[in-house]
Amino acid sequence: MPYSFPLGPYHPALEEPFKVKVQCRGEVIDSATVEVGFSFRGIELLAQKRNWVEVITLIERVCGICSNTHAMTFCIAAETIAGIEIPKRAAHIRTIIAELERLHSHLLWAGVGAEDIGFHSLFMEVFSLRELVMDMLEAISGNRVNYGMNCIGGVLRDIPDPARYLPALDALSKGLAEIVIPTFTENPTALARTRGVGRLNREQAVDWAVVGPVARASGLDIDVRKDQPYLSYTDLGFRSVVREEGDVLARVVVRALEMVESLRMIREALLSLPAGPLRATEGLPEIPVGEATIRTEAPRGEAFYYVASEGGATPARVKIRTPSFVNIPAIEAMVTGQPLADLSIIQASVDPCISCTDR
Amino acid sequence: MAMLKTILGNLLRPSRTRDPADMPDVPPVYRGALAHDAARCTACGTCAFVCAPKAISFTQDPGVSVSWHFFIGQCSFCGLCAQNCPTQAISLNADVPAGMDSAAGDGLRLESVVHLQPCTRCGAAHVPLPDATMAVLWGTEEAERGYCPDCRRWAASARLRSAFVPAAAEEVHHER
Ligand code: SF4
Ligand code: SF4
C-alpha cells in the first residue's frame, strides 16, 4: 500500500533544515518533493542597506562552508563595475584560498557521506585530513571559517611564506591517494552503498539544469574555471574531471579527483606566487554607476552574482544564485525508484547546502 | 591481514587526538580579543562605517567628550575596523575573545572616552589628533598642535597665502 511521509525539516542526515516529502510503495520511493526556505535570512535585501565594505562581510555569511566564494564573487563583480584590475599576486592568493576552500568543502562532504552510509572510521580519516586544510586556512587568514580575505581591489592578507604549506599538501595528497580514494572506490561496503545508486543520466542532468560536480558526474563537462576562466586558472592549466555514470559513486569519484587537481593547482600557485602589491586601490571603495554579472565555480558548482550600482554608498541590487539552489531539486529525479534507505546518501551526494540556498 | 596491520600500526602510533598542549600555533593574523586605545582614537567613525553588524557605536557628551562603544555580542571578528582605522587605535589580538551570553544582551562591552580639548586659538572643543600623527604633520614644537580642524585649515591657508604674497605674512601675525 502506498504511503507518504515527511522527512525533515530537522534532518536525520544533515545539519541544515530542508524537507523531503516521500511517496513510498513498500520499500521503494515512488516520488519525492523537496521543500526549502526554512532558514531564510533576506541577505539580498540586507545587502541593499549596507555600504560596499560592509556587504563583503555580510555576503561572506551566505554560506558557512564556501564563504570565500561568495565574498570573492561579489568583489569581482564590484571590481568589474569599477573597472579595477586586481594585481597578479592578489589573483593568485584568491585562487589558493578558493581551492583550499574547495578541498575543505569536498572533504567535509566525503566525511558526511561516509557517515551517512554508516562508515564511521572513514569519516574519522577524512575529517583528520580536513583538519590539515583548516589549519592551513587559519594560518593564512586567521580564521577557520569566514576568512575575510577579500576586499574590493584585491586581498587583505598576504601569504608571506608559501613554502611553509607544502608539507601539509604532501600529507593531504598521500592521505587522499592511500586512504580516501581507495576506500571509496574499492571497499566493498562503500561500493555496495554507492554504485548504481541515485542515477541521474545526462538528459535528466540537462533537464534539471544541475551544475558543478553533480553535472560533471552525469557526463556534462561544465566548469566555470574552464569555460570562462577567471583569476589564475588559465595560468595554472586547470583540467576538469568528468564521469559518465551519473550515480552516487560517480559523484564521489568526481569530487575525489577534483581534490587531487585542486592540490596540484594550490601547489603550483604557491610555488609561482608573483611578487607585487595585494591591492589595486587604497582606502574605501567608490563604485560608479553600472552593473555586472559574474559566474565563479564554487565547490558545489556555478555561483552566479548580479550586482548593480547606482553610484551610491550601497549596492542597488545584489542577486545571488547559488549552486545548491539548482542541485537540490534534482534529488526528486534521483530518488525515484530507489530504496528508502538510500534516500539519505542520495540527498547527501548532491552536497546540499541549505544555508546558501535559503540565504 | 590488512586489518591486522592496521591494528598493529595503530597500537604502535601515538594517539591521533590532539592533547591541549599540542595546539596549532596561533597565526599572527589571528583575529581574537578586540582592544581599543582611546589615546590614539580621533572619533573619526571609520570603524563604525565598515562594521557590518554594527558592533561599534558612538555617544557624545557635547563639548566634553565622545565615547566609543563596542559590544562583543554583535562583533563578527572580521577585523575590518582594525584594518581601516587610520590611526591604528583598534587591534584584534591573539587572546581569546571574552565570552558572550546572547547576541542581544549580555557580553563584554568596551567603552573608551575620548576627551575633547579646547582649541588653543579659538577655544572650540575638538578631538585632538594622536601625538604620533601630529608629530608627522607639524613636528613636536608647532603651535598648531592644539588647533581645532577649522583653525588648522585657517593656518594652512595662511601659510599658503604667505608663500605667494610674502607681505601678507606680517599681516597674518598682526591679526592674531
Ligand atoms: S577607532 Fe580608529 S577608526 Fe574608529 S573612530 Fe577611532 S580613529 Fe576612527
Ligand atoms: S571586527 Fe568586524 S564586526 Fe567586530 S567590531 Fe570590528 S568591524 Fe565590527
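What you are looking at is a predicted structure, and each value in this text was computed from that prediction instead of being measured.

### Some details on the overall build of chain B
Of regular secondary structure, chain B possesses 6 helices and 7 strands. Along chain B, helices (α) and strands (β) appear in the sequence α-β-α-β-β-α-β-β-β-β-α-α-α when read from the amino end. Buried residues in chain B amount to 32% of all 176 residues. A sequence separation of at least 24 residues applies to 59% of the contacts in chain B between residues at least 6 apart. Carbon and sulfur atoms provide 59% of the accessible area of chain B, an area that totals close to 11,100 Å².

### Structural notes on the site of ligand 2
The environment of ligand 2 is made up of B:Cys51, B:Pro53, B:Ala55, B:Ile56, B:Phe70, B:Cys75, B:Ser76, B:Phe77, B:Cys78, B:Gly79 and B:Cys81. Looking at the shell around ligand 2 residue by residue, the class counts come to 9 nonpolar, 2 polar and no charged.

### Details of helix H5 (residues 120-141) of chain A
With 22 residues, H5(A) extends 31 Å from end C-alpha to end C-alpha; this agrees with the ideal 32 Å at 1.5 Å per step. After H5(A) finishes, the residue A:Gly142 shows a positive phi value of roughly 90 degrees.

### Here we look at the site of ligand 1
Taken together, the neighbourhood of ligand 1 is formed by 15 residues, with B:Cys41, B:Cys44, B:Gly45, B:Cys47 and B:Cys85 sitting nearest. Considering only residue class, the shell around ligand 1 consists of 10 nonpolar, 5 polar and no charged.

### Quick look at the sheet that holds strand E3 (residues 65-71) of chain B
Residues and elements named next belong to chain B. A sheet is described by the order of its strands in space; here 3 strands give the open sequence E2-E3-E5, paired in antiparallel fashion. The sheet is open, and its two borders are formed by strand E2 (56-61) and strand E5 (109-115), each paired with just one other strand. Neighbour-to-neighbour, the strand axes of the sheet open up by a mean angle of 20 degrees, direction not taken into account. As paired elements, E2 and E3 share 6 bridges and run antiparallel to each other. Of the residues in E3, the one forming a bridge with phenylalanine 58 is tryptophan 68.

### As for the interface of chain A and chain B
On the chain B side, the residues contacting the 21 residues of chain A number 19 residues. Along the contact surface separating chain A from chain B lie 1 salt bridge. Among the salt bridges present, the one from A:Glu54 reaches B:Lys54, with a minimum N-O distance of 2.4 Å. Of all elements in the fold, only helix H2 (52-60) and H5 of chain A reach the threshold of two or more residues within the side of chain A that touches chain B. Broken down by element, the side of chain A that touches chain B gets its largest block of residues, 7 residues, from H5(A).

### Things to note about the packing of helix H4 (residues 88-116) of chain A against helix H12 (residues 248-271) of chain A
In a packed pair of helices, the relevant descriptors are the angle between the two axes and the axis-to-axis distance. Residue and element names in this part refer to chain A. Between H4 and H12, the least distance of the axes is 9 Å, while the angle of their chain directions is 150 degrees. Here H4 is positioned roughly antiparallel relative to H12, judged by the angle of their axes. The interaxial crossing formed by H4 with H12 has left-handed handedness. Together, His92, Ile96, Glu99, Leu100, Arg102, Leu103, His106, Leu107 and Trp109 of H4 and Val252, Arg255, Glu258, Met259, Ser262, Leu263, Met265, Ile266, Ala269 and Leu270 of H12 make up the contact between the two elements. For the contact of H4 with H12, a count of residues per class yields 12 nonpolar, 3 polar and 4 charged.

### With respect to the confidence of the model for chain B
Averaged over all residues, the pLDDT of chain B is 78; the fraction at 70 or higher stands at 86%. Model confidence for the complex is summarised by a pTM of 0.83, with the ipTM given as 0.73.

### Re the sheet that holds strand E1 (residues 2-7) of chain A
All names here are of chain A. Read across the open sheet, the 3 strands follow the order E1-E2-E3; overall the sheet is antiparallel. Lying at the two open borders of the sheet, with one neighbouring strand each, are E1 and strand E3 (28-35). The mean angle between the axes of side-by-side strands here comes to 20 degrees, regardless of whether they run parallel or antiparallel. As judged from the 6 bridges shared by E1 and strand E2 (residues 19-25), these two strands associate in the antiparallel manner. By the bridge assignment for E2, proline 2 is matched with arginine 25.

### Remarks on the nonpolar core
Judged by nonpolar contacts, the single largest core of 108 residues is most densely connected at A:Phe74, A:Leu100 and A:Leu172. The greatest single-element share of this core, amounting to 14 residues, is contributed by H4(A). In this structure, B:Leu34, B:Cys51, B:Trp68 and B:Ile90 belong to the second largest nonpolar core, which totals 14 residues.

### Concerning the pairing of E3(A)
Within a regular beta strand, the side chains point alternately toward one face of the sheet and then the other, so they alternate between its two faces. All names here are of chain A. By the bridge criterion, 7 bridges tie E2 to E3 in an arrangement that is antiparallel. Looking at the pairing, arginine 25 lines up with valine 28 of E3. Remark: 2 residues form the turn of the hairpin made by E2 and E3, two consecutive strands paired antiparallel; glycine 26 in that turn has positive phi of roughly 65 degrees.

### Some words on a nonpolar patch on the surface
Residue and element names in this part refer to chain B. Residues Met3, Ile7, Leu8, Leu11 and Leu12 make up a contiguous nonpolar surface patch of about 610 Å² in total accessible area. Assignment of secondary structure puts methionine 3 in helix H1 (residues 2-12). Of the residues examined, methionine 3 reaches a relative accessible area of 64% and is grouped as exposed.

Calculation rules
- Residues numbered from 1 in each chain as written.
- Chains lettered and ligands numbered in written order.
- Predicted model: local features only at pLDDT ≥ 70, side-chain atom pairs only at ≥ 80, totals over all residues.
- Heavy atoms only, no water.
- Helix = DSSP H or I, 4+ residues; strand = E, 2+ residues; numbered from the N terminus.
- Buried < 20%, exposed > 50% of the residue type's maximum accessible area, 1.4 Å probe, protein only.
- Contact = heavy atoms within 4.5 Å.
- Areas by Shrake-Rupley, 256 points an atom, 1.4 Å probe, with all protein chains shown as cover.
- Near = heavy atom within 4 Å.
- Nonpolar A, V, L, I, M, F, W, Y, C, P; charged D, E, K, R; others polar.
- Expected span 1.5 Å × (residues − 1).
- Pairing = 2+ DSSP bridges.
- Axes fitted to C-alpha atoms, helices over the stretch in contact; angles between N-to-C directions.
- Salt bridge = Lys/Arg side-chain N within 4 Å of Asp/Glu carboxyl O.
- Parallel < 35°, antiparallel > 145°, perpendicular 65-115°, else oblique.
- Left-handed = near helix turned anticlockwise from the far one by under 90°.
- pLDDT = per-residue confidence, 0-100.
- Core = buried A, V, L, I, M, F, W, Y, C linked by side-chain atoms within 4.5 Å.
- Patch = residues over 30% accessible without salt bridge, like charges linked within 9 Å, V, L, I, M, F, W, Y side chains within 5 Å.

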